[in-house]
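Chain by chain, the residues:
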Amino acid sequence: MSIVQREPVAKDPTNAETKWVYLFDEVDQAEAKVGGEWDKVRALLGGKGANLAEMTRIGVPVPPGFTVTTEACNAYLAAGEEFPAGLWEQEIAALRKVEEVTGKKFGDPGNPLLVSCRSGAKFSMPGMMDTVLNIGLNAETVEGLIRNTNDPRFAYDSFRRLIQMFGSVVMGVPDEPFEHVIEQYRRQRGVTNDADLTAEDWEAMTIEFKKIIWRFTGQEFPSDPIEQLKLATEAVFKSWNGRRARDYRNAANIAHDLGTAVNIVTMVFGNMGNDCATGVAMSRNATTGEKTLEGDYLVNAQGEDVVAGIRITDPIEKMAEVMPEAYAEFDAIARRLEGHYRNMQDMEFTVEHGKLWMLQTRDGKRTAQAAVRIAVDMADEGIISKAEAVRRVTAEQIDFFLHPQFSVSAKKEAKESGRLLATGLNVSPGAAVGVVAFDADLAEKWAKEEGKKVIMVRPETKPDDVHGMLAAQGILTSRGGRTSHAALVARQFGKPAVVGVLALEIDMINRVMRVGDLEVKEGEFIAIDGTIGEVFIGQMDTNVPEFSDPYLIKLLSWADEFRTLGVWANADYPHDARRAREYGAQGIGLCRTEHMFFEAERLPIVQKMIMTDSPTERREALEALLPFQREDFKGLFRAMDSYPVIIRLIDPPLHEFLPGHDELAEEIADHKIRLSKAGTLQEINDLLRKLEEEERILARVESIRESNPMLGTRGVRLGIIMPELTQMQVRAIFEAACEVAKEGVDVHPEVMIPLTSHVNELNVQQEALLKIAQEVMTEQRCKVDYKFGTMIEIPRAALTADEIAEKAQFFSFGTNDLTQTVYGISRDDAESGFLIEYLERGILPENPFASIDEKGVGKIMQMAVELGRGTRPDLEVGICGEHGGDPKSIALCHKLGLNYVSCSPFRVPVARLAAAHAALNGKS
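Worth saying up front: this structure is predicted, and the values here are computed from it rather than measured.

Calculation criteria
Residues numbered from 1 in each chain as written. Predicted model: local features only at pLDDT ≥ 70, side-chain atom pairs only at ≥ 80, totals over all residues. Heavy atoms only, no water. Helix = DSSP H or I, 4+ residues; strand = E, 2+ residues; numbered from the N terminus. Buried < 20%, exposed > 50% of the residue type's maximum accessible area, 1.4 Å probe, protein only. Contact = heavy atoms within 4.5 Å. Lys, Arg positive; Asp, Glu negative; His and termini not counted. Charge placed at Lys NZ, Arg CZ, Asp CG, Glu CD. Axes fitted to C-alpha atoms, helices over the stretch in contact; angles between N-to-C directions. Parallel < 35°, antiparallel > 145°, perpendicular 65-115°, else oblique. Left-handed = near helix turned anticlockwise from the far one by under 90°. Core = buried A, V, L, I, M, F, W, Y, C linked by side-chain atoms within 4.5 Å. Expected span 1.5 Å × (residues − 1). Salt bridge = Lys/Arg side-chain N within 4 Å of Asp/Glu carboxyl O.

Describing the overall build of the chain
Stage number 1. In terms of helices and strands, the chain carries 39 helices and 33 strands.
Stage number 2. Burial statistics for the chain: of 924 residues in total, 57% are counted as buried.
Stage number 3. Restricting the contact set of the chain to residue pairs at least 6 apart, pairs at least 24 apart contribute 69%.
Stage number 4. Charge centroids of the chain, computed over 105 positive and 142 negative side chains, lie 2 Å from each other.

The following block contains the structure:
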C-alpha cells in the first residue's frame, strides 16, 4: 500500500514547521515546547495523551502510539474542517514509526497493524467524544489476522466492531440497527452472551453491517485503512463540537476553546480467548473512598463491552482468582500510578494472552463522600499536604453531604407496603424522587419546560444521553457496572444513581418498566436511593442527614486553619442557631426579627398595632409583643454562647403584615353580593359585621399603601416614623441579653439598623435606641458587650460610608438589595423576565443575584470598606444573605478584606471550605 505523498510546503513558514504529532516516547519534546509545565503538556496532548506518554516514560507497559495535538484540532475546526498543512504527513510518519516498533505493517494482509483512534481533551470528559477501534481491518487484512491468530471468531468479531463503531462514530449511523442484528443472532442461537456467538455469525454480521451503512448513508464502508484512519481522526476532531460534548462542558464549566487531542494506539486484544481480558478500575473505591481497587472486567472481551453495559461484568477482585499474575501486576501498577500522580486513578487495561497493557490512566471521578475521604486519607498517608487536601474538595461536593436522604421511617413503610421495586448497584449516593422518563429528550423537556422532577430510566446510558442526565434528579439503568457511563457521569455531577438493576425489564415501545408483576409507566413516580442501591414505587419523604461524617469534619477543621474570613449564619430561631453552630458557624450575621412577627399567636397583635390610631392601644400591642421577642432572643443568645448575634430591626413595610389590597377588595365585593341575596336577619348582621371590619382594614391598607414599597417606608425610615416599634425591639434584645448573661452565657448582641442611606438617619434612630439600651442595662444592673451598626444596601450609604462609620460600629452588606439598587432592577421581576434572555444571550455573563457582580456591586463594596475603615479602622464588615454562601462571592469578600460572611445554616460548611480556598489561592 502506497504512503500518502507529503503536500507542498505551505506559504506560512510558522504553520509549516508546527509539530502537530508526538509519539508516546516524545513527551520530553512536548514539555520543551510548553516550557516544562505539566498542565500545559496536558493542554497540548490532552489528558489521555499526556498520561499515555508519561506512563511510557516511567516504564509502565503501554502499547506504542502517538498523539495528534489539541492545537491541530483547533486549527482543523478554525479552517472549516480542513487539516492544517503538515498534519496528515506527520501522522503518517508517526504511523511508520509505530510499524517499526511493533514489527507490523498498517494495511498489510501478512502481518496487519491495527490501531484505535481515541479522543482526549485536557479535562476528562468520559464518553463525551468519539472512539474507533480496530482501524486497519478490511476483507484482506481480516484474513491475515485469521492466519496469524488461528482464531476466525476473534478476527470477525474485531472486524464487525470496526464496522459498527465506524458506522456510528464516523458515518452517523444510529447504534440501534447494529444492535438489532446482534440481538437477532443471539435469539437464533438461543444465547444471551455475545461471547457465545460463532465465527460464522460474526462473519455474516460484517456483511449485514456494511449493508446498514449503505442503507443509511448511501456510501460504502471504506476498505482503505489509510482512509479509515484519516476519517476517524476527523470524526474525533468534529466530536469536540458535538452536542453531548458541549452539554458536558457547560455543566462541568470546561472552556469550549481547548480542543481535543487524537490518540492513535496500537490495538491489543482482550477478546482472543480465555487468557485475555479487559477492564476498567479505580485505585480506590469511587463511591466510598476506601483504599481498595474497585472496578469491572470481562474475560474474552473488548473495552466497550465493559463500559457500555453490553455484557454483565465481573468485579475486579475476581480477576485475582482467574488471572492472579496479571492481577498482581495491575494492582502494583495502580499503586505506583496513584503515588506518581498523587491522586486516585481511573485506569483502563487489557490482558492479551496473559500480557498486561495499560490503555489509560486519569484522575478518577468520585462521589462527594469519596472525594472527601480520599483527600483526607492521602494527606494522612503523606501523599499530599493538608492544604492540597482542602483545595481538592469542591464547595459543591461539601454541599452534597447536606442533600436530603430518605428517612428511615419512610423506607421502612415503603418496604412493609411492598413498594420496594428492585435493587441494583449503588454507584452515586443520595435520594431522588421524580417521574419516570425513558429518554433524554423527554427528561430535559419535562424538567426544563414543565418544571417536573424527573428520574431518567434507560437500559444503559450513552454519551448522547448526557443532556437528559443533567436535567434529571436521578438516574436508573437496568444494565452497566460501577465504571459504566451512567456511573461516571452521575458521580461527576452529584446525581443519585442506581445501575445494573438486572431484574428491571424496560419496554421502550410501550413506555413501561416491569419487575416481575410490578409495573411502572412513564410519567409515574419512583424514588431511588443511590446510597444503598434501592428503587421504590411512588414518592417518599426525605430528611437532612446528620452532620457526622468523620472525614468531612476533619477536612473542614483543616479548612478552618487556613481561612481568615469568619463564617457566620443567618438564623431567626434558636433551632436554626443550634444547627448553624453544629455546622461550624462562629456567629449569627442576620436575625430577621420580622419573621417572628408572622407566627400565628403574634400576627393578630402585630395587626392590632398597625391598625390602631390610638397611642395607648399601640403601646399595649407592643407591650404584648415584647415578651415574645425577648424569649426569641434569649434562645438565640443561649445557642450562640460566646459568639456575636446580629439582630436586624424590623425591615419590611407594614403592609406586608396585613391582607393584600386586591384580596380584600375581592372579599368585600363578594360579601356585598352575598348581602344583597341574604335571606335572614342573622345572615345580614353577620355580613354587615364582616364588611365593616374588612372595609376598616382596607382603609388602613390604602392609607399605608405605596407605589414602590421596597423603596418606601421600611427599615430605618419606619423606625423613625414609628419609634416605639424599634424601641420595643431594642428593649427586648437587651432584656434578653441581661437575663442570659446572669445565667452565665457570654452574650454579644449587635443591633443592625437596615436601609440607611444618610448619616442623619442614624443620628436620629441610633441615639434613641442607645438610650433604651443604657436604660435596660441600668435597670438590670448588668453590662453586656454590644454594638450598633447598619446594613449597606443603598448606593448612597456606600458612597458616604466614611460619614456613616462615625456612628455605625459595623457594616453588613445586604447584597441582594444592593444589587437591585445598583442595577436598578427588581429581582423578582428580572429573574422571571428579561434576565433569562440576558443570560442566554450573554448580555450579562452571570446572574448577579447568584454571584456578586465584582465590577459593579463589588466596586461599590470596596469603596464602602475603604471609606468606612478610613473613619473607623476597627470597623467590622460582613455580608448577609444568599451571596454569603456562594463560593465566588466568598472569594470576593476575602479579597475585599471583610471580617465574615453570613449564610444559611446549611451553607455554613460550604462557606468554611470556600473561605479556605480563597485564602489558599491568595497565597499561591
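Let's pick the thread back up.
Some points on the packing of helix H25 (residues 603-611) against helix H26 (residues 615-639)
Stage number 1. Packing of H25 against H26 leaves a shortest axis separation of 8 Å and a crossing angle of 150 degrees. Overall, the two elements H25 and H26 adopt an arrangement that is roughly antiparallel. Remark: the crossing between H25 and H26 carries left-handed chirality. Where H25 abuts H26, its residues Ile605, Val606, Lys608, Met609 and Ile610 lie against Arg618, Glu620, Ala621, Leu622, Ala624, Leu625 and Phe628.

Describing the nonpolar core
Stage number 1. Leu555, Phe633, Phe637, Phe734, Phe813 and Leu898 are the most contacted members of the largest nonpolar core, which totals 124 residues.
Stage number 2. For this core, the element with the highest residue contribution is helix H30 (residues 723-742), accounting for 10 residues.
Stage number 3. What Phe734 contacts, discounting residues up to four positions off in sequence, is Val751, Ala773, Val776, Met777, Val784, Tyr786 and Phe788.
Stage number 4. With 90 residues, the next largest nonpolar core counts Val68, Ala72, Ile182 and Tyr185 among its residues.

Here's the deal with helix H5 (residues 87-102)
Stage number 1. Its 16 residues place the ends of H5 23 Å apart at the C-alpha level, agreeing with the 22 Å of an ideal helix rising 1.5 Å per residue.
Stage number 2. Two residues or fewer past H5, Gly103 is found with a positive phi of approximately 75 degrees.

Concerning the pattern of salt bridges
Stage number 1. In this structure the tally under the stated criterion is 72 salt bridges.
Stage number 2. As a salt-bridge pair, Arg514 and Asp507 come within 3.7 Å of each other at their nearest N and O atoms.
Stage number 3. We classify Asp507 as buried; its relative accessible area is 16%.
Stage number 4. For Glu724, the salt bridge goes to Arg618, with nearest N and O atoms at 3.5 Å.

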